[in-house]
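Per-entry structural report
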Amino acid sequence: MSLSNISKYRTHIMGAAMMWIMWFHSPFYGKMEAFHFIHNIGFFGVDMFLLVSGLGLYYSMRKSKSIGEFYKKRVVRILPAYLIVTICWYAFVKTELSFTDKLLSILGINYFRGTINGRPEYFDWFLPTLFVLYLLTPLYDKLFRKASVKWKFTLLSMTVSPILCIIFYHTGQQVLYGSTVRIAVFLLGYWLGWFLYEKKEEDKASWMVHLPLLFVGVALAYYIQTYVKNPTIFWGLNCYPALLVAPALCAVLGLLFLCAERYLKIVGKILLFPFYVCGRYSLEIYLFHQRLMELFSGDKGAPLLKILNDMGIATYSKGYYWIMALLSIALAAGLHELIALITRLIKKDKKKAPTESAQVAVTE
């Protein structure tokens, strides 16, 4: 159960995390208590995503020629899709908000302020969090590279997470827990990126570490889910078991994907395809899925909801949530490929321009 499989199947793991998150957004989990529990910790998919993102950022820092190039890659990947979806959302759906609140929400500032019109603002918390982590990555990378013992420096840095949670608890900013509790897993992913990029040797018996950590993490998550009743303490603690669950689960998934591809041949590739699709379009799926869920539950979604009802799909049924998921994936794929096409055309035009200028100069 090698950690290297996490890097090899990074996109597929992100896809698995996205699927888990979409399931978490629906209320269906079956009658078995085990499925109920797995459903309830579906937000661990975010931790898996951040772990793998941290890993990917270390690789990106090493492969980028400059900090400017590093930021350019992040901007090109995230901002076009983010701005298109959020601007349309606040322009045509959230019409009741003031222009200032719309602008501050698009910029991600309202999340860090904690409220919109005096109400807690949780919506779209993930991308503002990601923007801050991306912004601070080059600075953290400088400190990380100077550290002589990387795992000690990582553990020390991870303590920022509970410290910030305590500060926000005492300042009434619990709305920011979603970000602060996950700083630790992101930094763990960054260390993992260093470990794999530098090709550090991994013990062949590492599975004897991964599986117990997974078990302990799941047990802690179950205890918090079952016995911690104070909402503030619950939301301050509930993501920390993911520090154990996310790396081990990613390693397990990497092994399963490897086995499927190696031993099941064509069938394995078919099985892996949905995970690859959800991973490739994970950013756009995130942008669409929660918005579709909110849109269909409000007055503005009534005409669309009527269409589903006329098709025999009852509101908030299993079929309804399947439609939400599939529609999110379809819209995500369309937007991603459209942006990719426009980006390629722009690059093509830029390459043509110098060539044409050179030809004119030669002619003259």
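This text gives an overview of the structure that appears in the document. This structure is a prediction, so every number in the text was calculated from the model and none was measured.

Rules and cut-offs
Residues numbered from 1 in each chain as written. Predicted model: local features only at pLDDT ≥ 70, side-chain atom pairs only at ≥ 80, totals over all residues. Heavy atoms only, no water. Core = buried A, V, L, I, M, F, W, Y, C linked by side-chain atoms within 4.5 Å. Buried < 20%, exposed > 50% of the residue type's maximum accessible area, 1.4 Å probe, protein only. Contact = heavy atoms within 4.5 Å. Axes fitted to C-alpha atoms, helices over the stretch in contact; angles between N-to-C directions. Helix = DSSP H or I, 4+ residues; strand = E, 2+ residues; numbered from the N terminus. Parallel < 35°, antiparallel > 145°, perpendicular 65-115°, else oblique. Nonpolar A, V, L, I, M, F, W, Y, C, P; charged D, E, K, R; others polar. Polar contact = N/O pair within 3.5 Å; in protein donor to acceptor, adjacent residues only side chain to side chain. Patch = residues over 30% accessible without salt bridge, like charges linked within 9 Å, V, L, I, M, F, W, Y side chains within 5 Å. Areas by Shrake-Rupley, 256 points an atom, 1.4 Å probe, with all protein chains shown as cover. Salt bridge = Lys/Arg side-chain N within 4 Å of Asp/Glu carboxyl O. Lys, Arg positive; Asp, Glu negative; His and termini not counted. Charge placed at Lys NZ, Arg CZ, Asp CG, Glu CD. Arc of directions from axis to C-beta. Disulfide = S-S within 2.5 Å.

In this section: the nonpolar core. What tends to happen in soluble globular proteins is that the nonpolar side chains get buried as a cluster. The biggest cluster of nonpolar side chains holds 92 residues, and the ones touching the most others in it are Ile-6, Met-48, Phe-126 and Leu-127. Discounting chain neighbours no more than four positions away, the residues touching Leu-127 are Ile-78, Tyr-82, Leu-283, Tyr-286 and Leu-287. In terms of nonpolar packing, the next biggest core, distinct from the first, is built from nine residues, Met-293, Phe-296, Leu-305 and Tyr-321 among them.

In this section: the packing of helix H2 (residues 10–25) against helix H3 (residues 33–40). Closest axis-to-axis distance for the H2/H3 pair is 8 Å, and the angle between their directions is 105°. By the angle class used here, H2 and H3 are roughly perpendicular. Contact residues: Trp-20, Trp-23 and Phe-24 in H2; Phe-35, Ile-38, His-39 and Asn-40 in H3. Considering only residue class, the contact of H2 with H3 consists of five nonpolar, two polar and no charged.

Moving on, we come to the side chain of Ser-179. Tracing the backbone through its elements, the reader meets Ser-179 in helix H11 (residues 177–180). Accessibility expressed as a relative area gives 9% for Ser-179, which makes it buried. Among the polar contacts listed, one links the side chain of Ser-179 to the side chain of Thr-129, at a separation of 2.4 Å. Dropping the residues within four chain positions of it, Ser-179 is found in contact with Tyr-111, Trp-125 and Thr-129.

Further remarks concern a positive patch on the surface. Judged by side-chain charge, Lys-8, Arg-262, Lys-265 and Lys-269 come together as a positively charged surface patch. Along the chain, Lys-269 falls in helix H16 (residues 265–280).

Let us now look at helix H10 (residues 160–170). Buried within H10 we find Ser-161, Cys-165 and Phe-168. End-on view of H10: buried residues confined to an arc of 70°, all on one side of the axis. What points out from H10, more than 90 degrees from its buried face, is the exposed set Ile-166 and His-170. Buried residues belonging to H10 abut helix H9 (150–158), H11 and helix H12 (183–197).

Turning next to the pattern of salt bridges. Considering all chains together, one arrives at eight salt bridges under this definition. Across the pair Glu-337 and Arg-280 runs a salt bridge whose closest N-O atoms are separated by 3.2 Å. Taken together, the residues Glu-337 in helix H19 (residues 318–363) and Arg-280 in helix H16 connect sequence positions 57 residues apart. Exposure remark for Glu-337: the relative accessible area of 29% places this residue in the partly exposed category.

Positive phi is not limited to glycine here, since Lys-265 has a value of about 50°. Tracing the backbone shows Lys-265 in helix H16. A residue is classified by how much of its surface remains accessible, and Lys-265, at 53% relative accessible area, is exposed. A positive phi is found at Tyr-316, a non-glycine position, where the angle reads about 60°. Along the chain, Tyr-316 turns up in the loop between helix H18 (302–310) and H19. Looking at Tyr-316, the relative accessible area reads 39%, which means it is partly exposed.

This brings us to the state of the cysteines. Within the structure shown, the criterion is met by zero disulfides. You can see Cys-250 has no disulfide; the closest cysteine sulfur is in Cys-239, sitting 15 Å from it. Here Cys-278 is not disulfide-linked; the sulfur of Cys-250 is the nearest cysteine sulfur, at 15 Å.

Moving on, we come to the packing of H16 against helix H17 (residues 282–297). Their axes nearest at 5 Å, the elements H16 and H17 cross at an angle of 75°. Between H16 and H17, the angle falls in the class roughly perpendicular. Every residue of H17 that contacts H16 at Cys-278, Gly-279 and Arg-280 is listed here: Ser-282, Glu-284 and Ile-285. Of the residues that constitute the contact of H16 with H17, the class distribution is two nonpolar, two polar and two charged.

A word on the side chain of Arg-182. Along the chain, Arg-182 falls in the loop between H11 and H12. Reaching out from Arg-182, the side chain makes a polar contact with the backbone oxygen of Phe-43 at a distance of 3.3 Å. Setting aside its immediate chain neighbours within four residues, Arg-182 contacts Phe-43, Val-46, Asp-47, Leu-50, Trp-125, Ser-161 and Cys-239.

Another aspect to go through is the environment of Leu-211. Its location among the elements puts Leu-211 in helix H13 (residues 207–227). Classification of Leu-211 by relative accessible area gives partly exposed; the value is 39%. Counting along the chain gives 24 residues from Leu-211 to Leu-187, while the straight-line C-alpha distance between them is 21 Å.

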